Amino acid sequence: MSLDWKIWLLLLTAGVGSLLLRSSFILLADRYPLSEFWMRYLRYVPQAVFSALVVPALLLPSIEKQALDPQTLAGLIAALVAWKTNNILATLVAGLLMLWLMAFANNFY
Amino acid sequence: MDKIFFWSGVRRVSPTLLSITPFGLIAGIAALESGMTPLQAQLSSVAFFAGSAQIASAQLLASGAPLLIAIATAMLINLRFMMYSAVLAPELPITGSPIKRTAKKMGLAYFLTDQVFALTHLKIAEQPSCTLDERVSFYLGCALPVWLCWQLATAAGIIFGNALPASWPIEFSIPLTFLALLFPTIKDKPGAIAAVVAGLLALLFHSLPWKLGLVAGAIGGIIAGGFSEGMINKKTAKPIQGAKD
């Protein structure tokens with residue numbers, strides 16, 4: 001399958017799927033309210049998914065070359081900013097600026 | 001439509017637009033980088049209307065992962081909408097004939113996002129006596145600016161993304177964005193446990209094919225979070241039971 005077809009299929013299925021997830025209980029709650037058991041697990045979807053995306057992306061570069069990679073260091077600084085400010089823009093600026101500064105210093109020496 | 005409640009929603013949601021804008025820019029740029037045409041990139045913001053799912057699935061396709069994994073990951077990220085849907089459902093008891101009711105509910109559900117959920121849920125908790133019309137007006141007052149801002153920011157990302165110098169480390173802004181989304185969600189112990197377990201498992205299984213490490217990490221984290229909440233509840237519930245006896 002070509003990439004173009006994959007993209008169209010992704011847009012269609014994930015688009016319909018997102019709408020179904022969003023409308024699920026708004027449509028059905030009169031008949032089937034969500035039990036506390038399922039709510040307890042669904043509550044941790046964001047923490048788990050975001051962390052599974054972030055941790056390998058920031059730590060793998062260092063693990064693979066067995067030395068501190070600029071991406072890991074910039075990521076740790078950004079994590080500190082994210083934790084303290086809860087602000088997307090500040091986190092982005094801190095991480096990118098750090099990475100850029102390290103690349104700059106590397107070229108300079 | 002209640003104008004006062006609609007504009008109160010607009011006012012409440014406007015500060016969040018400041019963080020939605022850079023996220024939308026990145027969604028537009030990431031979509032192009034994954035091989036989408038500008039039209040597909042914009043349509044992905046209309047169809048998904050969910051930044052993290054959009055960015056993650058585009059990145060997976062670009063890295064050669066199978067379509068099924070890209071879709072599964074997007075759905076996994078969007079599972080949280082199911083929870084929002086379940087919480088909001090009794091708070092928005094839409095009435096009318098079955099067809100009209102379903103259309104109204106689907107229309108409202110399309111606009112459901114983290115910000116809209118959080119603000120509407122809070123508003124109804126603050127003013128539990130407000131009518132259904134006032135609630136829906138407030139919900140739309142939050143939802144429409146978010147939607148518009150998201151589409152415009154994606155468009156800006158598509159237009160200006162091409163103009164960015166190649167040396168600019170745009171790929172790195174994707175994990176940074178998820179990092180910024182992760183921290184506000186960790187509010188308690190089970191949440192932190194879910195994040196740590198998910199991150200470690202994803203790292204441990206990163207060499208699995210088709211990015212299955214991501215799926216394994218996410219599912220492991222969700223189970224760890226829910227399980228530890230159950231454990232903590234059991235511990236704290238005991239003295240209360242004892243006091244009753």
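Here the structure is a predicted model, which is why all the values come from computation and not from measurement.

(A) Here's a closer look at the packing of helix 3 (residues 45-65) of chain A against helix 8 (residues 173-185) of chain B. Direction vectors running N to C along helix 3 of chain A and helix 8 of chain B enclose 140°, while the axes themselves pass 9 Å from each other. When the axis of helix 3 of chain A is compared with that of helix 8 of chain B, the two are oblique. Two packed elements cross with a definite hand, and for helix 3 of chain A against helix 8 of chain B that hand is left-handed. Contacts from P46, Q47, F50, S51, L53, V54, A57 and L58 of chain A of helix 3 of chain A reach helix 8 of chain B at P175, F178, L179, L181, L182 and T185 of chain B. Of the residues that constitute the contact of helix 3 of chain A with helix 8 of chain B, the class distribution is eleven nonpolar, three polar and no charged.

(B) Structural view of the packing of aromatic side chains. Residues and elements named next belong to chain A. Throughout the structure, instances matching the rule amount to nine aromatic pairs over all chains. Ring geometry for F37 versus Y41: centroids 5.2 Å apart, planes at 55°, classification tilted. Linking F37 with Y41, this pair stays in helix 2 (residues 36-42), spanning four residues, or about one helical turn. Looking at F37, the relative accessible area reads 42%, which means it is partly exposed. Counting every residue linked through ring pairs, the aromatic cluster contains F37, W38 and Y41.

(C) Looking closely at the UniProt feature "transmembrane region" (unreviewed entry) in chain A. Residue and element names in this part refer to chain A. Per the UniProt record, the feature "transmembrane region" (unreviewed entry) sits at residues 45-63 and 75-103. Along residues 45-63, the helical share is 100% and the strand share 0%, with 27 Å between the first and last C-alpha atoms. Secondary structure content for residues 75-103 is 93% helix and 0% strand, and the end C-alpha separation is 14 Å.

What counts and how
Residues numbered from 1 in each chain as written. Chains lettered and ligands numbered in written order. Predicted model: local features only at pLDDT ≥ 70, side-chain atom pairs only at ≥ 80, totals over all residues. Heavy atoms only, no water. Axes fitted to C-alpha atoms, helices over the stretch in contact; angles between N-to-C directions. Helix = DSSP H or I, 4+ residues; strand = E, 2+ residues; numbered from the N terminus. Parallel < 35°, antiparallel > 145°, perpendicular 65-115°, else oblique. Left-handed = near helix turned anticlockwise from the far one by under 90°. Contact = heavy atoms within 4.5 Å. Nonpolar A, V, L, I, M, F, W, Y, C, P; charged D, E, K, R; others polar. Phe/Tyr/Trp six-rings, centres within 6.5 Å; stacked < 30°, edge-to-face > 60°. Buried < 20%, exposed > 50% of the residue type's maximum accessible area, 1.4 Å probe, protein only. UniProt positions renumbered as here; feature names shortened; annotations may be inferred.

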